[in-house]
Amino acid sequence: MALKKRKVLMLGAGPLQTPAILELKKMGAYVVCLDYNPAAEGFAYADEAKVISTTDVEAVCEEFKRQRADVIMTSASDAPVRVVSEVSERFGLPCALSYEDACAVTVKSKMRERLRENGVPIPEYRVIQKEGDLFEAYYHDFFNRCILKPSDNAGSRGVKLLEGKYGIQRLRREYEACKKYAGNGILLAEEVMEGPEVSVEALTVNGRTQVIAVTDKVVCEMPYFVEIGHREPTCLPPDVLGHVVSAAKKAISAMHIQNGPSHTEIIVTKGGPKIVEIAARLGGDFITSRLVPLSTGISMVRESVRLSLGEEVVLKKKWDRGAAIRFLFSKADGTFRQAAGIQEAAREHGIQECCLYVSCGKKVNALRSSSDRVGHIIGIGENGKDAWGNVQRAYDKIRLVLEHH
């Protein structure tokens, strides 16, 4: 059933937000998109496109007021979550998250504190506000091995394993390198968790959480922590899966998520599941826009949009099969020339899509964050393991050709 014509201010018009923009249009909404990038792909589908940063609260407020919008929302991106909450509170709109809760779910230092206070299993951590804090944590608390990360960024930007008998100067360089990615200047040092990593994709409606899928993650080799693939459903055994779901629901409750999607990343350590991060949004990396529909038949994007607009939500699984994504990346810096074998890869069994993000002549970097990935392969199978095998076979047929300088 089509919605009455409502005006929606959508924060973000990139590939992560485009599926939500398309769903809004299908539902008959009038969509005004804001993005700092004038070439954002979602602008092509919007009724109006405005080049405005999604983190500029005052500019967003002015546009909301000027448009006389009915709803403000975002999808699959962290930073705009705070802006949506702040604008909603200023204009007296129904708010899925208070601004305080939105900060807790998007600033990792606040997130860790909130989870710890509520007895949710998390890794050991220290808040790093100055060089001396890192020296103390690295040498005395974590015994020369920890993960250093900015407290308010995403996509694995600035996240790195520190390991070994680093001198003061080396630690100082690592501190400065990480701090470049921290908008608030605060870093976290955390224990290195070991074990399978998954994410829990869920939707909470009126305080009741339904887990839609649990996704296995494949991460690049250390010292970086970039996700290079996902598959679902998870291959975890049922008893372990039960503990994972329980930990995720406990985290969702701690963050006061009453109405909206959540994406909870968890590592299953020898001591049980521990929360890496929780986000009050849809999972990115095509998890909720592509993998969940392929594996379950449920469109979390559509149902999240319906929830934001006060419409009835229907979460009924249509099938149970496997879906997977494998990202393409370079192992060295250079200039991209071609992806040899990509057409052959696209013809492999179970492959749904082979996509490149770069064109000939584009500079590419060795993998340090998710923004360094250059393409992806999406495939299906009878289960998660089968789907992963299909995308891996296609991946093995592709060779990135670069010109090195």
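Residue indices follow the written sequence of each chain, beginning from 1 at its first position. In keeping with the model being predicted, local features are shown solely for residues with a pLDDT of at least 70 and side-chain atom pairs are shown and tallied solely at 80 or more, while totals for entire chains, interfaces and linings include all residues. For side-chain calculations, the full set of non-hydrogen atoms in the structure is used, while hydrogens and water are omitted.

### As for the pattern of salt bridges
The cut-off we apply is this: The term salt bridge refers to a side-chain nitrogen of Lys or Arg lying within 4 Å of a carboxyl oxygen of Asp or Glu. Strands here are runs of E lasting at least two residues and helices are runs of H or I lasting at least four, both read from the DSSP assignment and numbered beginning at the N terminus. With a 1.4 Å probe rolled over the protein chains alone, any residue whose accessible area is under 20% of its type maximum counts as buried; one over 50% counts as exposed, and the rest are partly exposed.
Per the stated rule, a full pass over the model turns up 33 salt bridges. Residue K108 pairs with E277 through a salt bridge whose shortest N-O separation is 3.7 Å. Linking K108 in helix α5 (residues 108-117) with E277 in strand β13 (residues 272-279), this pair joins segments that are 169 residues apart in sequence. In this structure E277 comes out as partly exposed when scored by relative accessible area, which is 21%. In this structure, a network of salt bridges that share partners links the residues K108, R112, K149, E190 and E277.

### Some remarks on the sheet that holds strand β6 (residues 145-150)
Our working definition: Two strands make a pair as long as DSSP finds a minimum of two bridges between them. The convention used is that axes are lines fitted to C-alpha atoms, helices contributing only their stretch in contact, and that angles between N-to-C directions extend from 0 to 180 degrees. Here, residues are in contact when the closest pair of their heavy atoms is within 4.5 Å.
Here we have 4 strands laid out as an open sheet, ordered β5-β8-β6-β7, and antiparallel in their pairing. Each having just a single partner strand, β5 (125-128) and β7 (160-163) make up the two edges of the open sheet. Across the sheet, the axes of successive neighbouring strands diverge by a mean angle of 25°, strand direction being ignored. Pairing of β6 with strand β8 (residues 187-190) involves 4 bridges; the strand directions are antiparallel. What sits directly across from L148, in β8, is A189. The strands touched by helix α6 (residues 131-141) within the sheet are β5, β6, β7 and β8, with β5 carrying the most contacts at an inclination of about 160°. Strands β5, β6, β7 and β8 of the sheet are contacted by helix α7 (residues 168-179), whose axis makes an angle of about 30° with β6.

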